[in-house]
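The residues making up each chain are set out below.
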Amino acid sequence: LIAFTKEINLSIKDSLDDRKLTNNFTEFYKSTSFSNLNKNLKNILSLYKSFDNMKTARIVLESSTIKQLMNVVNEGLILVNKDFTVTHINHVAEKSLGLIPGEIIGQAISRKISNELILTHLEKAFNFDAKITDLKLDKLNITLSMYPLKDKFGDIIRTLVVLKNSSEKQETLENIT
């Protein structure tokens with residue numbers, strides 16, 4: 001029984017170590033009785049459940065914020081993750097590229113977009129942190145910009161692809177002058 005208790009305490013400590021919480025919860029892995037061990041396990045599971053709920057809430061907030069922002073801009077926007085999978089796209093980009101609404105979400109971008117220039121620059125954005133601005137795609141009559149997006153550690157996690165109708169850009173400039 002003592003060996004079993006030590007093994008559970010060691011597992012709890014390892015679990016806390018993984019989350020860098022060992023110093024904050026020293027009492028959780030120093031149980032000497034089964035009732036304390038049971039209480040500690042319940043507390044840790046409750047703590048981890050709270051962490052999961054906070055993480056889920058943050059992801060939902062991020063996702064809903066991204067969707068709201070993407071749907072109020074006039075440019076076509078596509079978010080591509082590092083696996084070259086489209087995670088978000090607004091209706092303007094779908095219209096500019098001739099896509100059915102929602103057909104590209106969750107798909108590899110190369111399955112629905114075959115423009116070699118777009119795919120090449122997307123690779124450069126991920127591999128070399130290359131920002132591309134105002135690249136004209138005459139066949140599609142759009143101007144393309146790409147912006148690598150980094151996480152808090154400086155790693156590129158997504159690339160934002162911005163599509164502007166070339167004719168709209170010229171009309172806007174004519175209206176200003």
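S.K.: Help me understand the nonpolar core, please; the structure alone is not making it clear to me.
M.R.: The tendency in soluble globular proteins is for nonpolar side chains to be buried side by side. Ile78, Val80, Ile109, Val161 and Leu163 are the most contacted members of the largest nonpolar core, which has 22 residues in total. At 4 residues, the largest contribution of residues to this core is made by helix H5 (residues 116-128). Ignoring sequence-local partners within four residues, the contact set of isoleucine 109 consists of Val80, Phe84, Val86, Ile104, Leu119 and Leu122. Of all hydrophobic cores here, the second largest spans 9 residues; its members include Phe28, Tyr29, Ile44 and Leu47.

S.K.: What am I meant to see in the sheet that holds strand E1 (residues 76-81) here?
M.R.: Backbone hydrogen bonds hold the strands of a sheet together, and the pairing may be parallel or antiparallel. Across the sheet, which stays open at both edges, the 5 strands sit in the order E2-E1-E5-E4-E3 with antiparallel pairing between neighbours. Each of the sheet's edge strands pairs with one partner strand only, and the pair in question is strand E2 (86-89) and strand E3 (132-137). On average, each strand axis in the sheet is inclined to that of its neighbour by 20 degrees, with strand direction left out of account. For E1 and E2, the ladder comprises 3 bridges, and the chain directions are antiparallel. The residue of E2 that forms the bridge with leucine 79 is histidine 88. Contacting E1, E2 and strand E5 (156-165), helix H2 (residues 34-70) crosses the sheet at an angle of about 45 degrees to E2.

S.K.: Any chance you could explain the confidence of the model for the chain here in plain terms?
M.R.: Detailed reading of the predicted model is not advised wherever pLDDT is low. On average, the chain scores 89 in pLDDT, and the residues at 70 or more come to 94%. Taken as a whole, residues 169-177 scores under 50 in pLDDT and shows 1 contact with residues more than four places along the chain or in a different chain.

S.K.: Can you walk me through the packing of helix H1 (residues 2-18) against H2 in this structure?
M.R.: The relative placement of two packed helices is expressed as an angle between their axes plus a distance between the axes. At a minimum axis distance of 11 Å, the contact between H1 and H2 shows a crossing angle of 20 degrees. The angle between the axes of H1 and H2 places the two elements in the roughly parallel class. Like other packed secondary-structure pairs, H1 and H2 cross with a definite hand, here left-handed. Of the residues in H2, those touching H1 at Phe4, Thr5, Ile8, Asn9, Ile12, Ser15 and Leu16 are Phe34, Leu37, Leu41, Ile44 and Tyr48. For the contact of H1 with H2, the residue count by class is 9 nonpolar, 3 polar and no charged.

S.K.: I keep staring at a negative patch on the surface and nothing clicks. Help me out?
M.R.: The grouping of Glu7, Asp14, Asp17 and Asp18 at the surface amounts to a negative patch. With respect to the element layout, aspartate 18 can be found in helix H1.

S.K.: Mind showing me how you'd approach the packing of aromatic side chains here?
M.R.: Given two aromatic rings, their pairing is described by the distance between the two centres and the angle made by the two planes. Evaluated as defined, the whole model comprises 4 aromatic pairs. Ring centres of phenylalanine 25 and phenylalanine 28 lie 5.3 Å apart, and the angle between their planes is 10 degrees; on these two criteria the pair is classed as stacked. One Lys or Arg, arginine 19, reaches over the ring of tyrosine 48 and ends 4.0 Å from the middle of that ring.

S.K.: Explain a nonpolar patch on the surface here, please?
M.R.: A cluster of nonpolar side chains, contributed by Leu1, Phe4 and Phe34, occupies part of the molecular surface with about 360 Å² of accessible area. A relative accessible area of 46% means that phenylalanine 4 is categorised as partly exposed.

About the thresholds
- Residues numbered from 1 in each chain as written.
- Predicted model: local features only at pLDDT ≥ 70, side-chain atom pairs only at ≥ 80, totals over all residues.
- Heavy atoms only, no water.
- Core = buried A, V, L, I, M, F, W, Y, C linked by side-chain atoms within 4.5 Å.
- Buried < 20%, exposed > 50% of the residue type's maximum accessible area, 1.4 Å probe, protein only.
- Helix = DSSP H or I, 4+ residues; strand = E, 2+ residues; numbered from the N terminus.
- Contact = heavy atoms within 4.5 Å.
- Pairing = 2+ DSSP bridges.
- Axes fitted to C-alpha atoms, helices over the stretch in contact; angles between N-to-C directions.
- pLDDT = per-residue confidence, 0-100.
- Parallel < 35°, antiparallel > 145°, perpendicular 65-115°, else oblique.
- Left-handed = near helix turned anticlockwise from the far one by under 90°.
- Nonpolar A, V, L, I, M, F, W, Y, C, P; charged D, E, K, R; others polar.
- Patch = residues over 30% accessible without salt bridge, like charges linked within 9 Å, V, L, I, M, F, W, Y side chains within 5 Å.
- Areas by Shrake-Rupley, 256 points an atom, 1.4 Å probe, with all protein chains shown as cover.
- Salt bridge = Lys/Arg side-chain N within 4 Å of Asp/Glu carboxyl O.
- Lys, Arg positive; Asp, Glu negative; His and termini not counted.
- Charge placed at Lys NZ, Arg CZ, Asp CG, Glu CD.
- Phe/Tyr/Trp six-rings, centres within 6.5 Å; stacked < 30°, edge-to-face > 60°.
- Lys NZ or Arg CZ within 6 Å of the ring centre and 35° of its normal.

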